[in-house]
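Results of the structural survey
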Amino acid sequence: MKILLFGKNGQVGWELNRLLPQLGEVVALGREQADLADADSLRQSIREYKPDVIVNAAAYTAVDKAEDQARQSMTINAEAPGIIAEEARGMGSLMIHYSTDYVFNGKSEQPYTEVDKPDPINVYGESKLAGEKAVQASGCHHLIFRTSWVYSSRGSNFYLTILRLASKMKEINIVSDQTGAPTWARLIAETTIEVLRSAIDEIAEGGFTSDLYHLTSRGKTSWYGFARQIIDNIKTGNGKSLSSVPVINPISSEEYPTAARRPANSSLDVSKIEKQYGLRLPEWDKSLLSFMQTVV
Ligand code: NDP
């Protein structure tokens, strides 16, 4: 089994790069080896290696910057996945791709299911939705996982931002009117591996169906709730210790204007992937605790 991974230095890509060797021989590429903005070299890297499985964990993830860099965001999040999918189709490979909770407008009061109609309200969400559609239209064997609020001990994420602010501020104001599910990058990678194992068997037996799944922790909270939980875990001795812990205050999105609008509710229903693959995804707060106990 030959596996080609794009985005090896990202939060999810880094975790995948540790786990994918369980399934086969892995070639992992970062931006230096394969720039997703360069269509020719992207095609070439795929044709050179002729992988059985292509995992695309690379993406343009700067949600606010994307508002001013729509072209770049579309190139990396929509066109590049389309090219990868086309190549996968040509060589009969399976493509694994990731998308986002931000494909939804956030007006629903319920967690979104895979059949709910996407309606992105920012450029990043639009570009990721276009990427999903390009992969689906290609006709390649594929699995698309929509995830949300990804954190890990590397890269740019909310957990690291809170730690940074907590080390220098006595009070931190955090938005409390956006709801979603914080998700550890390792959970995404581990679940991908489990699903991939089944998919490889299904392809060999001729029973594989390409599909889209929601893959996040269970449950939901606000950014404020997420920050509170990080601080509470630190207070109870789980996670990196701080000389003093800040007070977290809830504020509204209006009080914290950003370049990109964000959905009020972007919580995703994960029952489809759980049912299909016999999984039980962890609650977001339990998973956060495991993460913080692991990264100390
Ligand atoms: P990261 O931002 O941590 O990693 C993305 C990776 O893509 C980086 O290593 C980056 O390289 C690479 N990349 C960006 N542009 C290019 C390019 N032109 N050529 C090659 N590589 C490039 O993302 P995550 O791991 O958090 O995200 C994984 C997936 O999950 C993505 O599809 C994302 O859209 C999705 N997702 C993420 C969420 C989040 O909160 N982070 C929420 C919902 C979905 P470099 O290191 O050089 O910048």
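Note that the structure is a prediction, hence the values are computed from the model and not measured.

1. Section: the overall build of the chain
For the chain, the count of helices and strands is nine helices and twelve strands. Computed over C-alpha atoms, the radius of gyration of the chain comes to 19 Å, within 12% of the 19 Å expected from 2.2 N^0.38 for 296 residues, which places it in the range of a compact globule. With 296 residues in all, the chain has 52% of them scored as buried. By sequence separation, contacts in the chain at least 24 residues apart represent 81% of the contacts at least 6 residues apart. Between the centroid of the 32 positive side chains of the chain and the centroid of its 36 negative side chains there is a distance of 4 Å.

2. Remarks on the environment of M95
In this structure, M95 sits in strand β4 (residues 94-100). Between the alpha carbons of M95 and C140 there is a distance of 7.2 Å; along the sequence they are 45 residues apart.

3. Topic: the sheet that holds strand β1 (residues 2-6)
Strand pairs in the sheet, formed through backbone hydrogen bonds, run parallel or antiparallel to each other. One open sheet holds the six strands; their spatial order is β2-β1-β3-β4-β5-β10, and the pairing between them is parallel. Only two strands of the sheet have a single partner each, and these edge strands are β2 (25-29) and β10 (211-214). On average, each strand axis in the sheet is inclined to that of its neighbour by 20°, with strand direction left out of account. Pairing between strand β5 (residues 141-147) and β10: four bridges, direction parallel. Counterpart to F145 in the pairing with β10 is Y213. Across the sheet, helix α4 (residues 123-138) lies against β4, β5 and β10, angled at about 160° from β4, the strand it touches most.

4. Things to note about the nonpolar core
Counting 87 residues, the largest nonpolar core has F6 and I273 as the members making the most contacts within it. Element by element, the count of residues in this core is highest for helix α6 (residues 185-205), at nine residues. In this structure, F6 is in contact with L29, A34, L36, L42, S45, I46, I54, V55, N56, A57, A58 and I84, ignoring residues within four places of it in sequence.

5. Details of α6
Working note: α-helix, 3.6 residues per turn, so residues spaced by three or four point in the same direction. Compared with an ideal rise of 1.5 Å per residue, which puts 21 residues at 30 Å, α6 spans 30 Å between its outermost C-alpha atoms and is within 8% of the ideal. G206 sits one or two residues past α6 and shows a positive phi near 80°.

6. Observations concerning the packing of aromatic side chains
Applying the stated criterion across every chain, the model contains 14 aromatic pairs. Here F145 and Y213 contribute two aromatic rings whose centre-to-centre distance is 6.4 Å and whose plane-to-plane angle is 35°, an arrangement assigned as tilted. Of this pair, F145 sits in strand β5 while Y213 is found in strand β10, placing the two residues 68 residues apart along the sequence. Here F145 and Y213 have matching classes, each one buried. Relative to W223, the ring of W149 lies with its centre 3.6 Å away and its plane at 10°, an arrangement referred to as stacked. Here the residue W149 occupies a position in the loop between β5 and β6 (150-151), and W223 occupies one in helix α7 (residues 223-235), the gap between them amounting to 74 residues. Taken individually, W149 and W223 each receive the classification buried, so the pair is uniform in this respect. Grouping aromatic residues by their ring pairs yields a cluster made of W149, Y151, F158, Y159, W184, W223, F226, W284 and F291. The lysine or arginine in question, K2, covers the ring of Y49, its NZ or CZ lying 4.8 Å from the ring centre.

7. Here's the deal with the environment of A185
Along the chain, the position of A185 falls in helix α6. Considered as a pair, A185 and E274 are 89 residues apart in the sequence and their alpha carbons are 18 Å apart.

8. Some words on helix α1 (residues 11-19)
Of all the residues in α1, the buried ones are Q11, V12, G13, E15, L16 and L19. Buried residues along α1 sit against β1, β3 (53-56), β4, β6, β9 (183-184) and α6.

9. A word on the site of the ligand
If you check the shell around the ligand, you find 24 residues, and the closest are D35, L36, T61, Y124 and K128. One of the backbone nitrogen or oxygen atoms of V150 is found 3.0 Å away from an oxygen atom of the ligand. In isolation the ligand exposes 900 Å². Once the protein is present, 84% of that is buried. For the shell around the ligand, the elements supplying multiple residues, two or more each, are α1, β4 and α4. At three residues, β4 tops the list of elements feeding residues into the shell around the ligand. Each residue belonging to the shell around the ligand can be placed in one class, and the counts come to twelve nonpolar, eight polar and four charged.

10. Regarding unusual backbone geometry
A positive phi angle is found at K50, which is not glycine, with a value near 50°. Note that K50 resides in the loop between α2 (39-49) and β3. Positive phi, close to 40°, is recorded for W149, a residue that is not glycine. Judged by its relative accessible area of 7%, W149 is buried.

What counts and what doesn't
Residues numbered from 1 in each chain as written. Predicted model: local features only at pLDDT ≥ 70, side-chain atom pairs only at ≥ 80, totals over all residues. Heavy atoms only, no water. Helix = DSSP H or I, 4+ residues; strand = E, 2+ residues; numbered from the N terminus. Rg over C-alpha atoms; globule rule 2.2 N^0.38 Å. Buried < 20%, exposed > 50% of the residue type's maximum accessible area, 1.4 Å probe, protein only. Contact = heavy atoms within 4.5 Å. Lys, Arg positive; Asp, Glu negative; His and termini not counted. Charge placed at Lys NZ, Arg CZ, Asp CG, Glu CD. Pairing = 2+ DSSP bridges. Axes fitted to C-alpha atoms, helices over the stretch in contact; angles between N-to-C directions. Core = buried A, V, L, I, M, F, W, Y, C linked by side-chain atoms within 4.5 Å. Expected span 1.5 Å × (residues − 1). Phe/Tyr/Trp six-rings, centres within 6.5 Å; stacked < 30°, edge-to-face > 60°. Lys NZ or Arg CZ within 6 Å of the ring centre and 35° of its normal. Near = heavy atom within 4 Å. Polar contact = N/O pair within 3.5 Å; in protein donor to acceptor, adjacent residues only side chain to side chain. Areas by Shrake-Rupley, 256 points an atom, 1.4 Å probe, with all protein chains shown as cover. Nonpolar A, V, L, I, M, F, W, Y, C, P; charged D, E, K, R; others polar.

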